[in-house]
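Architecture at a glance
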Amino acid sequence: MSDSSPLPPVRLHPEAELARDALSTPLLSRAARLARWAGPGTRVDAGGQLVEEQLAAAAEALGLTGDDAAAEASEAWRLAMDTGLVEVVDEQADTVTTGEDLALLTGGSPHDVLAVWLGALESVIADAAVPDLDALIDVMDEGGAVDFSKLDWDPEAEADFLDGVLGNLYLLTASEDGPGDAPVPLPALAASMIIPGDMNEPTNDVLEQVSDAMMRLDDPFRLLDPIGLVVYQPVDEALLGDTEGDAGDRAGAGAGEAAEVPVAAVDEADVSRYGMVRLTPLGVYGLRARLLESGFAAPAVGDLADKGADALLDGSAGYGSRAALAETEQWLVRREPLAAAKELLAAARGSDPGAPLRRLRCQQALSLLGAPAEPAVRHVLDDAELGGLARVWLSELGATDVPAPSEDLVFWLTIDTLAAQLAAEGNSDELQALVEGLAQQHSGFFAAAWRVDHPATPDVLEAMGRLHPDKRIAKEARKAAFKARSQQGG
């Protein structure tokens, strides 16, 4: 992802709801319980970790049992230290006390709670990029120190890889054509990191890389689930127990299938054994905070609600249709309808490249307002840039006294509408169908269209030539585009 390209806007849950989610995450709630349990008699080692003799008591305080109880207690304690819920007060005696941040979890605002959780999230993400304990033990020297030269691990590369995976998961979740609240198959997520966008048929080598990436993601997502970032269905243990060749072949098949179809269409029964991951509402909040901190443009629905109509129309231009609608609804609810309509119409004027899409977004906003906007719309019937929009809107409202548009206005509005659709959707199937319909209904369209006094006329006609499947008509469109550009002096 480029930090200069805005991501799709996300819909954030209320902070109070997110704070409740944060407090109930297994890892943070355990860390808080251990912070309350700790006292003057709690002993830690030089690194601030609980001494081995106290792990059993810590596990008991958390109600943990089984072979992993001590390890889980140690993990919760480490998080309590990392987030300031406990602090070492006497380095010589190695004793601890409650940290100041613990009070924020019980008496702070929702924002305070989320700030503590974000600190916990950073700690867990850092741990998730570190090899597992077994891998570290394998490369220990005789003195018990880890010989990193023997470990195939680049800390910076691993951290970047995990950040990239989380960024892609965020992007898939936020995208209007993504899975939404549905889980993403691990093969599809791994494929998004490995397979180039212009590769139609992944090679065996690429599929093997995807399989390796899938297996690399299993351990990190197991760690990120208890902090509430994701809900993770792990890779089937039977697959991990297969011989390396068999597991790789099977995972490669799952990756290939997932890479060839949209995420939402992947048959869960076929790929779920390879892991499924879903970003939680708390996870969306957390990753957006990290993206903003890293300099990315990561909008949220509602960001424009307190800004002017110009900011709304320009800011939502790059949004998908559903996100733009949600943003507009939040903007309108804060304003008196007639005043909002006047402000929107004023902001929709212009001859710059973004103006056609502003007018389209304006028309959509006016449709949400309905009849209360009618006086403002009628006021611009004679406006050169807004008169066509006004006639269309009034007709859709059911008005019967709408003045007929001139032929010049009809052609101007057609070019303006196509320019807006191009800006909003690019070369979409819907736009191609619109282009074909126009050429079919109006046999002399291109002969007249090149004369339209609209800044976007050459670009629109070029796009029509690109999109129309009939070579003869496409050639007509390109000729008309050339004439239009010559007329405009370009």
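Everything numeric in this text was worked out from a predicted model, so none of it was measured. Numbering of residues begins from 1 in every chain and follows the order in which that chain's sequence is written. In keeping with the predicted nature of the model, local features appear solely for residues at pLDDT of at least 70, side-chain atom pairs appear and are counted solely at 80 or more, and the whole-chain, interface and lining totals rest on all residues. With hydrogens and water set aside, each side-chain value is computed from the structure's full complement of heavy atoms.

1. Focus on the overall build of the protein
Within the protein, the secondary structure is distributed over 25 helices and 5 strands. Out of the 490 residues belonging to the protein, those deemed buried represent 44%. Contacts: residue pairs with any heavy atoms within 4.5 Å of one another. Partitioning the intrachain contacts of the protein with sequence separation of at least 6 by distance along the chain shows that 67% fall at a separation of at least 24. The protein chains shown are the only cover counted for residues, whose accessible areas, like all others here, come from Shrake-Rupley with a 1.4 Å probe. Counting only carbon and sulfur atoms, one obtains 50% of the accessible surface of the protein, whose full area is about 24,300 Å². The way it works is that DSSP assigns letters per residue, a run of H or I at least four long becomes a helix, a run of E at least two long becomes a strand, and they are numbered from the N terminus. Per-residue accessibility, obtained with a 1.4 Å probe over protein chains only, is compared with the maximum for each type, and a residue is labelled buried under 20%, exposed over 50%, and partly exposed between these values.

2. Things to note about the sheet that holds strand 4 (residues 230-233)
One open sheet accounts for 3 strands, arranged 3-5-4; its pairing is antiparallel. Strand pairing shows two members of the sheet lacking a second neighbour, strand 3 (184-185) and strand 4, which therefore form its edges. Axes, fitted as lines to C-alpha atoms, cover a helix only where it is in contact. Angles between the N-to-C directions of the axes lie from 0 to 180 degrees. Across the sheet, helix 8 (residues 155-174) lies against strand 3, strand 4 and strand 5 (276-279), angled at about 70° from strand 5, the strand it touches most. In the packing of helix 10 (residues 204-224) onto the sheet, contacts are made with strand 4 and strand 5, and the angle to strand 4 comes to roughly 130°. Any two strands between which DSSP finds at least two bridges are classified as paired.

3. A few points about the packing of helix 16 (residues 321-332) against helix 18 (residues 355-369)
Taken N-terminus to C-terminus, the directions of helix 16 and helix 18 make an angle of 55°; their axes are 10 Å apart at the nearest point. Relative to helix 18, helix 16 is oriented oblique. You can see that helix 16 and helix 18 cross each other, and the crossing is right-handed. Contacts between helix 16 and helix 18 involve A324, L325, T328, E329 and L332 from the former and R361, A365, L368 and L369 from the latter. We call Asp, Glu, Lys and Arg charged. Ala, Val, Leu, Ile, Met, Phe, Trp, Tyr, Cys and Pro are nonpolar, and the rest, Gly among them, are polar. Its residues assigned to classes, the contact of helix 16 with helix 18 shows 6 nonpolar, 1 polar and 2 charged. Oblique is the label for any angle not covered by the other classes, which are roughly parallel (under 35 degrees), roughly antiparallel (over 145) and roughly perpendicular (65 to 115). In this scheme the crossing of two helices becomes right-handed for a clockwise turn of the near helix relative to the far one and left-handed for an anticlockwise turn of less than a right angle.

4. A few points about a positive patch on the surface
Here the term patch refers to residues with relative accessible area over 30% and no salt bridge, with like charges joined within 9 Å and nonpolar side chains (Val, Leu, Ile, Met, Phe, Trp, Tyr) within 5 Å. The salt bridge criterion pairs a side-chain nitrogen of Lys or Arg with a carboxyl oxygen of Asp or Glu, the two atoms within 4 Å. None of His or the chain ends enter the tally, which takes Lys and Arg as positive and Asp and Glu as negative. Charge placement uses NZ in Lys and CZ in Arg. For Asp and Glu, CG and CD serve respectively. A contiguous patch of positive charge, built from R451, K475, R478, K479 and K483, is present on the exposed surface. Residue classification places K483 among the partly exposed positions, given a relative accessible area of 43%.

5. Concerning the packing of helix 18 against helix 20 (residues 387-397)
Packing of helix 18 against helix 20 brings their axes to within 11 Å, and their N-to-C directions diverge by 25°. The angle between helix 18 and helix 20 places the two elements in the roughly parallel class. Crossing of helix 18 against helix 20: the hand is right-handed. Within the contact between the two elements, helix 18 uses R359, Q363, L366 and S367 and helix 20 uses L389, V392, W393 and E396.

6. What to know about the pairing of strand 5
By the bridge criterion, 2 bridges tie strand 3 to strand 5 in an arrangement that is antiparallel. Among the inter-strand pairings, V184 is bridged to a residue of strand 5, identified as V277. Of the pairings in the sheet, the one linking strand 4 to strand 5 comprises 4 bridges and is antiparallel in character. Paired with Y232 across the two strands is V277, which belongs to strand 5.

7. Focus: helix 20
Because an α-helix packs 3.6 residues into every turn, residues spaced three or four apart end up facing the same way. Within the span of helix 20, buried status applies to G387, G388, L389, A390, R391, W393 and L394. Check the buried side of helix 20 and you find it contacts helix 17 (337-347), helix 18, helix 19 (374-378) and helix 21 (407-425). Of the residues one or two after helix 20, G398 is the one with positive phi, at around 105°.

8. Topic: the packing of aromatic side chains
Aromatic pairs are defined between Phe, Tyr and Trp rings, using the six-membered ring for Trp, whenever the two ring centres lie within 6.5 Å; interplanar angles under 30 degrees are classed as stacked, those over 60 as edge-to-face, and all others as tilted. Applying the stated criterion across every chain, the model contains 4 aromatic pairs. The interplanar angle of 40° and the centroid separation of 5.5 Å between the aromatic rings of F221 and Y232 together place this pair among those described as tilted. Taken together, the positions of F221 in helix 10 and Y232 in strand 4 put the pair 11 residues apart, joining distant regions of the chain. F221 sits in the buried class, given a relative accessible area of 0%. For Y232, a relative accessible area of 8% corresponds to the buried category.

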